[in-house]
Amino acid sequence: MMKKGSEATIEKFRRITEDTHAYAKSLKAKGRLVAGYMCTHVPEEILYAAGIVPVRVLSSHVSQGMTRSYIHETYCSFSHDCAYQGLQHNYDYLDLLVHSSSCIHMAEAFNVWVRFAGFEKKSFLIPFPHIIHAKAAGGFMKGSFQDFKAFVEQFTKKTITDNEIEKAIKTYNRTRRLLKRLWELLKRDKPPITGTDVATITLASQVMDKQECNRMLDRLIKQLESEPGKEPGVRLMVTGGACDDLRIFELVEGLNYPTTLVFVDSCTAARYFWFEVPEGRPDKLEAIAEGLISRIPCPAKDTVPGTGEKKRFRFVQQFIQDFKPDGVLFLYQRFCSPQSMDIIALKPIVSMMGIPYTELELDTTVPTVQFGTQLEALVEIIRQVAP
């Protein structure tokens, strides 16, 4: 049966996430250059201004052991899986591979691609400050972006003008605003879309040409605004690390109790777009750096010098107030030290706000029965205490 309205648009996004390679290769067939990126700290606007479509490198969720010979056993499964993608040559169609110095785990995944997967002469590592709240961080980032821009210009054999960067900034900001509007639909008493579908669309946006993505997002939001919503049941919020395995969110919304995923704070969801780059600034690279500094911080970068404050915690508290979840799910990759340490500090904050929580530790595959039992236990606790 042919789907209509919002369901048809959502299905288009879903097909892209189910085969990101097919989508990227379709761009190549149209004569577009495609660059893979491994971290959301990469300034995509510079690539897009040069006519290159940034495509996020995602994992395959297939259990494998070959990467243990290349990177440390106790690095997170996401970094192992991304390294595996390179060793299997699943992304050989990429014209370029870009990474910013984020966590050591993903840095090693990038290193595997460069040393063993044939990307030595078509890769670039962008130095990125370890503590983004330091006074020198903005200037450091601007200098790194200048070097990256020069590399891209040499790679494409064309000059990237300020007007082209400004146009890219405006295109990306429109994507961010549309995604934010989409997530905010989940604030409603009766959301017209599921959290799983919103997470799917957000993941698809990270591999899409942003102009095409914006057209589809704009159409979808208009369709949803005129459609009736559904009772959400128990409202759950996720906060944690990278998770591109949509089966987790399907599990959350497929329990024996009615539940709705109302927000996901992770670098594969809200942290990807919940900020904007200032428009109309004379110094475009400085504007991009300012935008990245203002985003929800990655736990690996989030320490205020002199105080040790975690700015991300303020965002989490605000999201709880705005999206009004009945429960919180801490979701993190096994062996991700920054994320797991953050959760230790976040638990008392969430408890003080009167929100029950549970935590799930991600590995390559999803233990459906185990996770399902934990989630249903959380929902049962909530149903007893929620009005």
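Residues numbered from 1 in each chain as written. Predicted model: local features only at pLDDT ≥ 70, side-chain atom pairs only at ≥ 80, totals over all residues. Heavy atoms only, no water.

Student: Before we move on, can you summarise the packing of helix 1 (residues 5-18) against helix 8 (residues 195-205) with the specific residues and values?
Tutor: It is at 9 Å that the axes of helix 1 and helix 8 come closest, and there the two elements cross at 55°. The orientation of helix 1 with respect to helix 8, classified from their angle, is oblique. In this structure, helix 1 crosses over helix 8, and the sense of that crossing is left-handed. For the pair helix 1 and helix 8, contact is made by Ile10, Phe13, Arg14, Ile16 and Thr17 and by Asp197, Thr200, Ile201, Leu203 and Ala204, respectively. (Axes fitted to C-alpha atoms, helices over the stretch in contact; angles between N-to-C directions. Helix = DSSP H or I, 4+ residues; strand = E, 2+ residues; numbered from the N terminus. Parallel < 35°, antiparallel > 145°, perpendicular 65-115°, else oblique. Left-handed = near helix turned anticlockwise from the far one by under 90°. Contact = heavy atoms within 4.5 Å.)

Student: Which residues make up the pattern of salt bridges, and what are the values?
Tutor: Per the counting criterion, the structure on display carries 28 salt bridges. A salt bridge links Glu166 to Lys284; its shortest N-O distance comes to 2.9 Å. Here the residue Glu166 occupies a position in helix 7 (residues 162-184), and Lys284 occupies one in helix 12 (residues 284-294), the gap between them amounting to 118 residues. Look at Lys284 and you get buried, because its relative accessible area is 11%. Through salt bridges with shared partners, a single network forms among Asp265, Arg271, Lys310, Arg312 and Asp342. (Salt bridge = Lys/Arg side-chain N within 4 Å of Asp/Glu carboxyl O. Buried < 20%, exposed > 50% of the residue type's maximum accessible area, 1.4 Å probe, protein only.)

Student: Go over the sheet that holds strand 8 (residues 357-362) with me, naming the residues and quoting the values.
Tutor: The strands making up a sheet associate through backbone hydrogen bonding, with each pair oriented either parallel or antiparallel. Spatially, 4 strands are ordered 6-5-7-8 in an open sheet, and the strand pairing comes out parallel. Of all the strands in the sheet, just strand 6 (259-265) and strand 8 have a single pairing partner and so form its edges. Looking at each pair of strands side by side, their axes are set apart by 25° on average, direction ignored. This element, helix 13 (residues 311-323), spans strand 5 (234-240), strand 6 and strand 7 (327-333) of the sheet and lies at about 170° to strand 5. (Pairing = 2+ DSSP bridges.)

Student: Outline the nonpolar core, supporting the account with residue identities and numerical values.
Tutor: Membership of the largest hydrophobic core comes to 128 residues, with the highest contact counts inside it found for Phe145, Leu182, Trp183 and Phe249. The contacts of Leu182, once residues within four sequence positions are left out, are Ile193, Val198, Ile201, Leu217, Leu220, Ile221 and Leu224. (Core = buried A, V, L, I, M, F, W, Y, C linked by side-chain atoms within 4.5 Å.)

Student: Could you give me a rundown of the environment of Cys76, with the residues and numbers involved?
Tutor: On the secondary structure map, Cys76 appears in the loop between strand 2 (52-56) and helix 4 (77-87). Residue contacts for Cys76: discarding those within four places in its chain leaves His105, Gln333, Arg334 and Phe335.

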